[in-house]
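Next come the chains, spelled out residue by residue.
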Amino acid sequence: MRDSTPPTPDEISRAISLQEADRAGRPRTEAEAEAVTARIYADWRAAHAEGRVTPDIASFIRDVAAHRSVTNEDRGTTRAFWSWKSRPEGAPRVVDHRFLAQACGESRAYQVLEDSPAGRQLDAYRLWEPLVKESLVSDFALDAAEVDGLAPEVWATISGRYAEAAEGPVVAFCADIGAKSILGKDELPRLLAHENVGKENVGFPLPAPRHEHLPPEVDALMANESLRCQVRMEDYDVQTTVPKDFAAKLGALDVPANLREAHASALSRLSSAHTYDELATPAPPEPARQQQQQHQHVVSARAAAFLPGVTIRPTAAPPSPRGPSTHGVSNPVAAEVAPKAVGIGH
């Protein structure tokens, strides 16, 4: 059973320590980068001695991603995933969600990709670092374009294997989920289709951020874990979409039965607006909306009475749309940083 409660102060402190250690270990000189590539070379030679023969360094790195274990034998069955960074409540600074996942992995026995045998090995290779890329190209006569694409390729491979190995509920440390992030593009689609996971078994230890251009009831609906794992930040981006665009995306989601009324209400609200600014005006309360509709029918009937040759027939007022939903919980506001793209930010 997963524990998707927010990180504790001790877990946040541990995450910051892990982040600082990672920053300190990054190669900042050519000599430090060459020490990393020398370690990769030594591992390649050791693999050859064990019978795992690959033709070059790049092939060896791909072999690690494709075959080394993505499971830490000392941890439980709950797998943690992550994307980007934020400043959780109580944190003195912004923290990469990777390190929050690792800190909670230690205290809660979560599986974490970077703590698995394959993850630790690839993480030590620092394949995202420009100086390491330059060293791989110069020292081993590798193609620069191939080396430049190696990090995203092997981390996509290892992340896919890590997601496929899920045995049950998972947790995702993230704020908004980007469609181009590894979490949004590779991991969550696999988890939602996974027979051991699905939308009912994805938890979020960090609260969803408040999106001020959306009505509170729509935000509360999106914060529900079973929908949050299906929505992407590009679906409701204030700069590139309009409410009707978001309504189309929201309408295509797999919605649990207990959320369908709230879902229908959100679709109605979004579909009625041409801009997000229009959504800033609160929807009128149900009795006022009904009185307004009845008044409009009376006015229309009176106006028609003055038209020659028109026969007035009683017309029932249409049923009023459902009011704002109370399904879901409004999450506490936290300063969140949304994911941007694939890269070391996962």
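What counts, and where the lines are drawn
- Residue numbering note: each chain is counted from 1, following its sequence as written.
- Per-residue local features of the predicted model are confined to residues with pLDDT of at least 70, and side-chain atom pairs are confined, for both listing and counting, to 80 or more; whole-chain, interface and lining totals are unaffected and use all residues.
- Side-chain figures throughout are based on the complete set of non-hydrogen atoms in the structure, without hydrogens or water.
- Two kinds of site are reported from a 1 Å grid over the protein atoms alone, namely cavities, where a 1.4 Å probe fits but cannot get out, and pockets, open sets with protein on both sides within 12 Å along at least five of seven lines, and residues are called lining when an atom falls within 4 Å of a point.
- Grid points are joined across faces, edges and corners, and a volume is the space filled by probe spheres set on the points.
- Helix and strand definitions follow DSSP, with helices as H or I runs of at least four residues and strands as E runs of at least two, each counted in order from the N terminus.
- Should any heavy atoms of two residues lie within 4.5 Å, those residues are counted as being in contact.
- Any pair of Phe, Tyr and Trp rings, taking the six-membered ring for Trp, is counted once the centres come within 6.5 Å. Such a pair is stacked with planes under 30 degrees apart, edge-to-face with planes over 60 apart, and tilted for the rest.
- For every residue, the accessible area obtained with a 1.4 Å probe (protein chains only) is divided by the maximum for its type, and the residue is called buried under 20%, exposed over 50%, and partly exposed between those limits.
- Inter-axis angles, ranging from 0 to 180 degrees, are taken between N-to-C directions of lines fitted to C-alpha atoms, where helices are fitted over the stretch in contact.
- Just so you know how the angles are binned, under 35 degrees is roughly parallel, over 145 roughly antiparallel, 65 to 115 roughly perpendicular, and the rest oblique.
- Working rule for handedness: look at the near helix, and if it is turned counterclockwise from the far one by less than a right angle, call the crossing left-handed; if clockwise, right-handed.
- Ten residue types, Ala, Val, Leu, Ile, Met, Phe, Trp, Tyr, Cys and Pro, are classed as nonpolar, four, Asp, Glu, Lys and Arg, as charged, and the remainder, Gly among them, as polar.
- Being paired, for any two strands, means DSSP has found at least two bridges between them.
- Crossover handedness is defined here as right-handed if the route from the first strand over the helix to the second strand goes clockwise, with the strands pointing away from the viewer.
- Multiplying 1.5 Å by the helix residue count minus one yields the expected span of that helix.
- It is the directions from the helix axis to the C-beta atoms that the arc portrays.
- We define a salt bridge as a contact between a side-chain nitrogen of Lys or Arg and a carboxyl oxygen of Asp or Glu at a distance within 4 Å.

A. Expanded view of empty space enclosed by the protein. As enumerated under the stated definition, the model contains one cavity of 30 Å³ or more in all. Lining the largest cavity, in full, are Ala-175, Asp-176, Ile-177, Ala-208, Pro-209, His-211, Asp-219, Met-222, Ala-223, Arg-228, Val-231 and Tyr-236. No other element matches helix H10 (residues 216-223), which puts three residues into the lining of the largest cavity.

B. Layout of the environment of Phe-204. Positionally, Phe-204 belongs in the loop between strand S6 (202-203) and H10. Linking Phe-204 and Val-171, residues 33 residues apart in sequence, is a C-alpha distance of 5.5 Å. In contact with Phe-204, not counting residues within four places along its chain, are Ser-4, Ala-172, Cys-174, Ile-177, Glu-225, Arg-228 and Cys-229.

C. Summary view of the packing of aromatic side chains. Under the counting rule described, the total for this entry stands at six aromatic pairs. When the centroid spacing of 5.8 Å and the interplanar angle of 70 degrees are considered together, the rings of Tyr-41 and Trp-44 count as edge-to-face. Note that Tyr-41 and Trp-44 are positioned in helix H2 (residues 30-49) at a spacing of three residues, about one turn of the helix. Residue classification places Tyr-41 among the partly exposed residues on the basis of a relative accessible area of 36%.

D. Representation of the packing of helix H12 (residues 243-251) against helix H13 (residues 260-271) in the model. Two elements in contact, H12 and H13, have axes separated by 8 Å at closest approach and are oriented at 155 degrees. Here H13 runs roughly antiparallel to H12, going by the angle between their axes. In the crossing of H12 with H13, the sense of the turn from one axis to the other is left-handed. On H13, the residues touching Pro-243, Lys-244, Phe-246, Ala-247, Leu-250 and Gly-251 of H12 are His-263, Ala-266, Leu-267, Leu-270 and Ser-271. Grouping the amino acids of the contact of H12 with H13 by side-chain chemistry returns seven nonpolar, three polar and one charged.

E. A look at the sheet that holds strand S1 (residues 79-82). Taken in spatial order, the four strands line up as S4-S1-S5-S6 in an open sheet, and their pairing is parallel. The two strands at the open ends of the sheet, each matched to only one other strand, are strand S4 (111-112) and S6. As defined by bridge partners, strand S5 (residues 170-173) adjoins S6 across two bridges and the pair is classed as parallel. Within S6, the position partnered with Val-170 by the bridge is Val-202. In the packing of helix H8 (residues 150-164) onto the sheet, the strands contacted are S1 and S4, and the crossing angle to S1 comes to about 140 degrees. Helix H9 (residues 182-193) contacts S1, S5 and S6 of the sheet and is inclined by roughly 150 degrees relative to S1.

F. Representation of the pairing of S5 in the model. Of the two faces of S5, the one lined by Val-170 and Ala-172 and the one lined by Val-171 and Phe-173 are each fully buried. Between the parallel elements S5 and S6, the chain passes through H9 in a crossover that is right-handed.

G. Representation of H13 in the model. Relative to the 16 Å expected for twelve residues at 1.5 Å per residue, H13 spans 16 Å between its end C-alpha atoms, a close match to the ideal helical length. The set of residues buried in H13 consists of Ala-262, His-263, Ser-265, Ala-266, Arg-269 and Leu-270. Considered in projection along H13, the buried side chains sweep an arc of 165 degrees and stay on one side of the axis. The inward-facing, buried residues of H13 contact H10 and H12.

H. Region of interest: the pattern of salt bridges. For the structure on display, the rule yields 23 salt bridges. The partner of Glu-50 in a salt bridge is Arg-52, and the shortest N-O contact between them spans 3.9 Å. Glu-50 gets classed as exposed once you look at its relative accessible area, which sits at 61%. Overall, the relative accessible area of 35% leaves Arg-52 in the partly exposed class. One salt bridge connects Asp-115 with Arg-120, and the closest N-O pair in it is separated by 3.8 Å. Connected through salt bridges with shared partners, the residues Asp-22, Arg-23, Arg-26, Asp-96, Arg-98, Asp-123, Arg-126 and Glu-129 form a single ionic network.

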